[in-house]
Structure formats: C-alpha cells, structure tokens
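Residue strings, one per chain:
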Amino acid sequence: MTKAESRSGNLTPAEEKKIVNQITFASAAGNVLLTLFKLVAGIWGHSSAMVSDAIHSLSDVLTTLVAYLGVKFSSAPADKDHPYGHEQIENLATLGIGLALFGVGAVLCYQGATDTLEGWRAIAAEKAGGEPFEPTIPSKLALLAAVVSILVKEAMFWFTIINARKINSPAFVADAWHHRSDAFSSIGSLIGVLGARLGFPLLDPIAAIVISLFILKVAYDILRESALCVVDVACDEELEAQIKERVEAYPTVDHVDLLRTRKFGSRVYVELEIAVDGNKTVYAAHWIAHEVHNIVEREFPAVKHVMVHVNPAQLDDKDGVFHHEGPRFTLDPARAKELAEKRAVAETQKNPVEN
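The structure presented is a predicted model; accordingly, all values stated were derived computationally and were not measured. (Residues numbered from 1 in each chain as written. Predicted model: local features only at pLDDT ≥ 70, side-chain atom pairs only at ≥ 80, totals over all residues. Heavy atoms only, no water.)

Visitor: Hey, could you run me through the confidence of the model for the protein in this one?
Guide: Close inspection of predicted coordinates is inappropriate in any region flagged by low pLDDT. Summing up the model confidence of the protein, the mean pLDDT is 79 and the portion of residues at 70 or higher is 79%. Taken element by element, the predicted model of the protein shows its lowest mean pLDDT in strand β6 (residues 329-330) (42) and its highest in helix α4 (residues 140-166) (92). In the predicted structure, residues 317-331 sits below a pLDDT of 50 and forms 37 contacts with residues beyond four places in sequence or in another chain. With pLDDT under 50 throughout, residues 350-355 is counted as low confidence; its partners more than four residues away or in other chains account for 9 contacts. (pLDDT = per-residue confidence, 0-100. Helix = DSSP H or I, 4+ residues; strand = E, 2+ residues; numbered from the N terminus. Contact = heavy atoms within 4.5 Å.)

Structure, rendered in structure tokens:
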C-alpha cells in the first residue's frame, strides 16, 4: 500500500502501523491493569458498582483487540476475491464492539436492578418488624479505585481519539468512546461508593444501573454508525459540496449532473456525471474524465475511488445552444446546423439520431 493508498492520505503505511500499535498497546496495558485493580478493589472493598466497573474495563480489553484486528485486516490490499479492498472488515469490527458494549450494559443493568430491589425489600422487612437490614459498606479502597479509574480512562480517551483521527479509523474512534464511557461509569461508581459510605447503602447498586445506562447509550451510537456504513449511507453533505465545487472549477467541465457517494469502511466511493461540450471527441471527453478522476482522488484523501461519466449538455434545436441548470455555452454555428438537420431526418424516419 503506497502513501496515496493509505487510510489518512497524510501518513505512510509504516507511520499508520506505528500509531495503530501504540494505540493498541496503550489501551490493552491500561485496561488490563485497571481491570485487575478495580476487580480487587471491588471484591475486597465490598462494592458491587466497582465490580461492575471492572467488568466494563475487561470488555475494553476485548474491544481493543477487535479494533486492532479490524484495522489490520481492513488495510490489506485488494485481491482477486476482494477487488474493492477489505475496508468493510473494520465496520464488522466496529459492530462487534457495539454488540459487546450492549451485552455488558444489559448484564450490569439487570444485576444492579436486582441488588436494588433486594435492598428495598430488606429495608421494608426491617420496618415491618423483621430482621434488621445490615448493608455492606464499601471501603476506602473502592473509593480510591474509582478516582484512579476516572483519571486514567479520561487520559486514555484523549490519547486514543487524537491518534484514531490521525489514521481515520472508525474502529479506534469507537474504542476511544468506549474509554470515555468507562470514565463515566467510574464517576457513577464514585458516587455510589461515596454515597454508601455516607449512609445511603442503596446508592452503590443504583450506581451500577447508572453505569449500565451510559454503556447502553454508547453501544447504541456505535451500532448505529457502523450499521449506516454497512448499508451504503452517503457521506456528509459538506464533503459532497466540496467535491462538486472542485469538479465544476475544472476549466472544461460545465457542471455536475450527478454526484453520489457511499461510505465503505473508513473510505468513500464517488460516482460522478459531468456535462461537457458535446463537440468534444471521445478521446477529449475521456481525457477530461481522467483528469477529474485524478483530481478528486488526489485532493480528497477519504475517497477510495471515483467513477466519472461524461454527458453532453442538452441541445436546444431552436437556437443551437446547450441548456442546463448551470452556465451556457454556444455550439459552433456550422455544427449546430448539422445537428439540426440530422434531428429533422431522424424525426421523419422515426429513428434515433446518431451524433
């Protein structure tokens, strides 16, 4: 893969590979250490919210691995069985991240709701004259783990999102937002643990529910974005407008008749129909299309490939002028007369005109 074929268009494949390895190592190492620390703190510190937070961090380890594999395989060059490349593999990896997050969020939400209901029932039984409710209060270790997790995960979010944008990787962008969701979940853990220590024991399982809702929201956003790419959604209007403006600035292109785009992993496919002077030879029209093709692929790094079709502008038989939505240009008078005569003959014979 050459620099022109790189994902970002600004970095060489070697530079992109280095960034991918840095993101993967930082995410994997940070998540493994945090998972172990929070799991120990949650168990020894008697905090269900911190245990849930640890499970969330464990899911980060798995999703970072999925993102790494997705980027690695999607960067493989096109081959006989995959002539359009492998970029869609990254979308599948992103879908995997979203599904993993959704599964973790659902499990944590169920567990938090169960613990909360059991606590309410115990409190109600105590008020009714039953056994006294003796909740387990989280220790200072769980409180410390929540603070450390917030700081570390926020730092990991910024490190990953900045580098993911450098290589234009939706999978690693999704992984970055996974780090942010973990930071939010740790905030929930902090509130739950602190509240339980201040005399509100049910805040700990309630915090677990809040954590799960953050996770489910991020999962929804990731699944929605990756699903839109799989179903060939168009790229943003700003990019389409920039492409149209650049193409119409080319001297021999009168206007753009049609512009379609579709996302393909982290890249974009473009379909263009341009209107040019109908007097141009096939060779000249082909050359114009070739130049437009090269300009778009060179100046818009996200574009993987452009298909350019050339249309002659529509001829008005009355005045020999090409009419369209954009500016007009006039045919050579002799050529206009020749075309008008051919149209007249064709109309009499009810046969199509051949120009």
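Visitor: When you look at the packing of aromatic side chains in this model, what are you seeing that I'm missing?
Guide: By convention here, two paired aromatic rings are described through the distance between centres and the angle between planes. Following the criterion strictly, the structure yields 2 aromatic pairs and no others. Taking 5.1 Å as the distance between ring centres and 75° as the angle between the ring planes, the aromatic pair formed by F157 and W158 counts as edge-to-face. Taking the relative accessible area as the measure of exposure, W158 reaches 45% and is therefore partly exposed. One aromatic cluster in this structure is built from F157, W158 and W177. Sitting over the ring of F157, R180 keeps its end group 3.9 Å from the ring centre. Cation over ring: R262 sits above Y269, and NZ or CZ is 4.6 Å from the ring centre. (Phe/Tyr/Trp six-rings, centres within 6.5 Å; stacked < 30°, edge-to-face > 60°. Buried < 20%, exposed > 50% of the residue type's maximum accessible area, 1.4 Å probe, protein only. Lys NZ or Arg CZ within 6 Å of the ring centre and 35° of its normal.)

Visitor: Please clarify how the sheet that holds strand β3 (residues 303-312) should be interpreted in this entry.
Guide: The strands that make up a sheet pair up through hydrogen bonds in the backbone, lying either parallel or antiparallel. Overall, mixed pairing links the 3 strands, which are arranged β1-β2-β3 in an open sheet. The sheet is open, and its two borders are formed by β1 (255-264) and β3, each paired with just one other strand. Ignoring strand direction, the axes of neighbouring strands in this sheet form an average angle of 15°. Bridge count between strand β2 (residues 267-276) and β3: 9 bridges; the pairing is parallel. Bridge pairing links A275 to N311 in β3. Packing of helix α7 (residues 237-248) onto the sheet brings it into contact with β1, β2 and β3, and relative to β1 it is tilted by some 140°. Along the sheet face, helix α8 (residues 282-299) touches β2 and β3 and points at about 150° away from the line of β3. (Pairing = 2+ DSSP bridges. Axes fitted to C-alpha atoms, helices over the stretch in contact; angles between N-to-C directions.)

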